[in-house]
Amino acid sequence: MRHEHRGRGFGRPGGWQQADLPDPADAPDWFAGRLPSDWFAGPPVIEIDRDEIVVIGELPAPVSEKADTPAEEVPAATKEGAVARFRETTRPARMQIANEAQRRYGRSVAWGVSVDGERIMFTHLAVPVMTRLRQPERKVLDTLVDSGVARSRADALAWTVKLAGKHAEAWLEELRTAMRKVDDLRSEGPQGL
């Protein structure tokens, strides 16, 4: 029996099998206009996926009590204090901005800061992912757990995904670019297919 497809076909543009979400393309611009200008030493990094928007801003370099200490040598405790101060003093405003962004983009918002190149996340999602693995793949995860590299199969899977992403970042970016091009071509094509 042949099935006819109505609408635009299976799943979301780009092949994702998820309900339509608001387009987050203007999110960096929206956050640039919405965030107080004195929070960060420059524009924040905005990272977006289907579940979450991550906002990471560089804090101004904290000043050590020792006047002759260069910025690179600011004690860790001073940096930790600057992060704690920012987190506590901005909490109500960050929550309000996150709520507005969630209504606008249909995604949770996570916050973090960067201090001297070190990234500190305040909140972020840990999204469960359902997967079925055959024995050879499970053995890989179990080896990572048994060797102490990971605490569980879930940690081992997260570790392998990070490792694969790190080593394949150029390829993954090329794939994302191609997917955006396919989305653009679909939007330019005849409607109602």
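In short, a report on the structure. Computed from a predicted structure; not experimentally measured.

Take Glu80: it is sitting in helix H2 (residues 76-105). Taking the relative accessible area as the measure of exposure, Glu80 reaches 56% and is therefore exposed. Along the backbone, Glu80 and Pro62 are 18 residues apart, and their C-alpha atoms lie at a distance of 9.5 Å.

Now for the packing of aromatic side chains. Per the counting criterion, the structure on display carries eight aromatic pairs. Ring geometry for Phe86 and Phe122: centres 6.3 Å apart, planes at 35 degrees, overall tilted. Here the residue Phe86 occupies a position in helix H2, and Phe122 occupies one in the loop between strand S4 (118-121) and helix H3 (135-146), the gap between them amounting to 36 residues. Across the pair, Phe122 and Phe86 agree in class, each one buried. Among the aromatic side chains, those forming a connected cluster through ring pairs are Trp30, Phe31, Trp39, Phe40, Phe86, Tyr105, Trp111 and Phe122.

What follows covers helix H1 (residues 27-34). Note that an α-helix has 3.6 residues per turn; residues three or four places apart therefore point the same way. Where H1 is concerned, the buried positions are Ala27, Trp30 and Phe31. What you see down the axis of H1 is that its buried residues fit within an arc of 95 degrees, all on one side. Exposed residues lying more than 90 degrees from the buried face of H1 are Asp29, Ala32 and Gly33. Next to the buried residues of H1 lie strand S1 (45-48), strand S2 (52-58), H2 and strand S3 (108-115).

Thresholds, definitions, all that
- Residues numbered from 1 in each chain as written.
- Predicted model: local features only at pLDDT ≥ 70, side-chain atom pairs only at ≥ 80, totals over all residues.
- Heavy atoms only, no water.
- Helix = DSSP H or I, 4+ residues; strand = E, 2+ residues; numbered from the N terminus.
- Buried < 20%, exposed > 50% of the residue type's maximum accessible area, 1.4 Å probe, protein only.
- Phe/Tyr/Trp six-rings, centres within 6.5 Å; stacked < 30°, edge-to-face > 60°.
- Arc of directions from axis to C-beta.
- Contact = heavy atoms within 4.5 Å.

No statement about biological role is implied by the geometric values presented.
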